[in-house]
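Coordinate analysis (summary)
Here is how the chains run, residue by residue.
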Amino acid sequence: MVPFIIVMTLMFLWNMCRNINDVLIPHLKRACRLTDVQSTFIQSAFFGAYFLLALPAGMYIRRKGYKAGMVAGLVIACVGACLFYPAAQTRYYPLFLGALFIMAAGFTFLETAATPYVAKLGAPEGASSRLSLSAAIGSCGAIGAPYVASLLLLHEKDVSTAEINAYPPEQLNQFLTNEASLVKLPYIALAVFFLLVSICILFIKLPSIQENTDEQYKFKNVFRYRHAYLGALAVFAYVGAEVGIVSFFIRYAKSMNLEGLGERKAALFISLFMLLVLAGRLSGSWLLKKAPAPRMLVISAGGACACVGLAILAPGYWSLYLLVLVGLFTSVMYPLIFTLSIKDLGAYTKAASSLLIMGIVGGAIVPPLMGILSDRGDIRLSYLFPVACYVYVIYYAKKGSRIAYKKPQTVNVKDLETA
């Protein structure tokens, strides 16, 4: 139970930090005077770390063990969080991005170690329930993060761009410095907490789980399985769409100029989005037993696609509510895509899992594409990218998930014997 509680704490932490980014984007956009595209590099730095370090993290954990992977992840995340202090002091945006990349690198180690560890921490028949509970705890961190971050980083009454531009140079510099300084306390507190948890894990005896070393880790052979690499693209699309939707949500809401709707109130909609994700995950375990995975994925992606498409056309609060509803449909997409992608892979299941984790890089690429469109025109049009992403997920559910194996060229043994 103690190791299980520790791992659930880690899941809560990285989900919380991941969703702070949705509030950090408009905050640093103001503090560092960024365009929409530049502000989305926050997500690029964060999710890019998952893409670049998923395989190295997996290799490190296979050699050193799960416990070493968790401790390494927490220490790396602690270093990244500490770098927010000099970044705020200098108001140097690349340093903020570097800090986020290092933090996410630590979370990559944590996620690569913690998820399979939970699955194997007990009887095999209880693995799915342990993973579901852990995901639910992680979702709690995702729900609270936008609201708490909005209280710490956003103003009770919005300061418009026109007001900021009207400040004299000295007052403007002081205002921007104060804005940047708001991140110091939250991230130093996170750094201390990461360090304390890493020390606890270091001195607590965790059960050692032996891996089957007979399986050969041949990453390139995964690409013989069409449903596996198309599944990684589906993860790319799913993560990219969800991250893009919530990354732009505050600015999207403010662009409507609705009376009484400031940045803090808009952040509550993101928490509501994450609450529906949690509700969907809790009910999803029952629903997934009632219908085949491809059909459920079509329903999920189709519902999300319809909500975003209608939100682009809908007026006022209706548009925001439709975007929030996407959280319910998107909640079960990842387990569905994961299940379909690793089906019948045998010894290549681990390699496919690493490939799927690399697909999370969609969260680094889709938001900047949305930012380009937002900077050049109506922010509503940028939401066409999530629509396109969900269309691909529908394709994967209907056709791409069908198992097709590309056989390597081989020599017939009987022909050799005859020769």
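Values in this document were obtained by computation on a predicted structure and should not be read as measured data. (Residues numbered from 1 in each chain as written. Predicted model: local features only at pLDDT ≥ 70, side-chain atom pairs only at ≥ 80, totals over all residues. Heavy atoms only, no water.)

Here we look at the overall build of the protein
What counts, and what does not: The way it works is that DSSP assigns letters per residue, a run of H or I at least four long becomes a helix, a run of E at least two long becomes a strand, and they are numbered from the N terminus. Each residue's exposure class comes from its accessible area (1.4 Å probe, protein chains only) as a fraction of the maximum for that residue type: buried when under 20%, exposed when over 50%, partly exposed otherwise. Working rule for contacts: check all heavy atoms of both residues, and any pair within 4.5 Å makes them a contact. To be clear on the numbers: accessible area is Shrake-Rupley with a 1.4 Å probe, and residue cover counts the displayed protein chains and nothing else.
Scanning the protein from terminus to terminus reveals 20 helices and zero strands. Taking all 419 residues of the protein together, the buried fraction comes to 52%. Taking as baseline every contact in the protein between residues at least 6 positions apart, the subset at least 24 positions apart corresponds to 85%. Carbon and sulfur atoms provide 66% of the accessible area of the protein, an area that totals close to 19100 Å².

Things to note about the packing of helix H4 (residues 66-82) against helix H10 (residues 184-203)
The condition that has to hold: As a rule, the C-alpha atoms of each element are fitted with a line to give its axis, helices using only the stretch in contact, and angles between N-to-C directions run from 0 to 180 degrees. Relative orientations are named as follows: roughly parallel for angles under 35 degrees, roughly antiparallel for angles over 145 degrees, roughly perpendicular for angles from 65 to 115 degrees, and oblique for any other angle. Left-handed describes a crossing whose near helix is turned anticlockwise from the far helix by less than a right angle; the clockwise case is right-handed. The classification used treats Ala, Val, Leu, Ile, Met, Phe, Trp, Tyr, Cys and Pro as nonpolar, Asp, Glu, Lys and Arg as charged, and all other residues, Gly among them, as polar.
Orientation of H4 relative to H10, taken along the N-to-C sense of each, is 160 degrees, at an axis distance of 8 Å. One finds that H4 runs roughly antiparallel with respect to H10. Judged by the twist between their axes, the crossing of H4 over H10 is left-handed. Contacts between H4 and H10 involve Lys 67, Met 70, Val 71, Leu 74, Val 75, Ala 77, Cys 78, Ala 81 and Cys 82 from the former and Tyr 187, Ile 188, Ala 191, Phe 194, Leu 195, Val 197, Ser 198, Ile 201 and Leu 202 from the latter. Looking at the contact of H4 with H10, its residues break down into 16 nonpolar, one polar and one charged.

Some thoughts on unusual backbone geometry
Phi is positive for Arg 33, which is not a glycine, with a value near 55 degrees. Relative to the elements of secondary structure, Arg 33 occurs in the loop between helix H1 (2-31) and helix H2 (36-39). On the basis of relative accessible area, Arg 33 is assigned to the partly exposed category, the value being 39%. Even without being a glycine, Asn 257 presents a positive backbone phi close to 55 degrees. Looking at where Asn 257 falls in the secondary structure, it is placed in the loop between helix H12 (249-254) and helix H13 (263-287).

Some details on the side chain of Ser 271
How we decide: A 3.5 Å cut-off defines polar contacts: any pair of N or O atoms within that distance qualifies, except that in protein one atom must be a possible hydrogen donor and the other a possible acceptor, and neighbouring residues in sequence count only when both atoms are side-chain atoms.
Relative to the helices and strands, Ser 271 resides in helix H13. Reaching out from Ser 271, the side chain makes a polar contact with the backbone oxygen of Ile 143 at a distance of 2.8 Å. There is a polar contact of 3.5 Å between the side chain of Ser 271 and the backbone nitrogen of Tyr 147. Once residues lying within four places of it in the same chain are set aside, the contact partners of Ser 271 are Ile 143, Pro 146 and Tyr 147.

Here's the deal with the nonpolar core
Rules: To qualify as a nonpolar core, a set must consist of buried Ala, Val, Leu, Ile, Met, Phe, Trp, Tyr and Cys residues joined through side-chain atoms within 4.5 Å.
Among the nonpolar cores identified, the biggest contains 130 residues, and Phe 107 and Phe 194 are the most heavily contacted of them. If you tally residues by element for this core, the top one is H1, at 13 residues.

Comments concerning the environment of Phe 194
The topology assignment puts Phe 194 in helix H10. On the basis of relative accessible area, Phe 194 is assigned to the buried category, the value being 0%. As for Phe 194 and Val 71, which are separated by 123 residues in sequence, their C-alpha atoms are 9.3 Å apart. Not counting the four nearest positions on each side in its chain, Phe 194 is found in contact with Leu 13, Cys 17, Leu 74, Ala 77, Cys 78, Ala 81, Met 103 and Phe 107.

Observations regarding the side chain of Ser 44
Checked against the element boundaries, Ser 44 lands in helix H3 (residues 41-64). Among the residues examined, Ser 44 registers a relative accessible area of 19% and is labelled buried. Here Ala 364 takes part through its backbone oxygen, which lies 2.6 Å from a polar atom of the side chain of Ser 44. With residues up to four places along the chain from it excluded, the contact list for Ser 44 reads Gly 363, Ala 364 and Pro 368.

Here we look at H3
Here is the rule: How far a helix is expected to stretch is found by multiplying one less than its residue total by 1.5 Å. The angle between axes fitted to the seven-residue stretch ending at a residue and the seven-residue stretch beginning at it gives the bend at that residue.
For H3, with 24 residues, the first-to-last C-alpha span of 33 Å sits near the 34 Å given by 1.5 Å per residue. A maximum bend of about 55 degrees is found in H3 at Leu 53, where proline Pro 56 lies one to four positions downstream. Positive phi appears at Gly 65, one or two residues downstream of H3, with a value of about 105 degrees.

Quick word on the packing of helix H11 (residues 226-247) against helix H18 (residues 362-376)
It is at 7 Å that the axes of H11 and H18 come closest, and there the two elements cross at 50 degrees. Considering the angle they form, H11 stands oblique to H18. In this structure, H11 crosses over H18, and the sense of that crossing is right-handed. Listed contacts from H18 to Phe 236, Val 239, Gly 240, Val 243, Gly 244 and Ser 247 of H11 are Gly 362, Gly 363, Ile 365, Val 366, Pro 367 and Met 370. Here the residues of the contact of H11 with H18 sort into seven nonpolar, five polar and no charged.

Description of the confidence of the model for the protein
Formally: pLDDT expresses how confident the predictor is about each individual residue, on a scale running from 0 to 100.
Within the protein, residue pLDDT values average 83, and 87% of them lie at 70 or more. Ranking the elements of the protein by mean pLDDT puts helix H20 (residues 413-418) last, at 48, and helix H5 (residues 84-90) first, at 94. Throughout residues 409-413 the model reports pLDDT below 50, and contacts reaching past four residues in sequence, or to other chains, amount to one contact.

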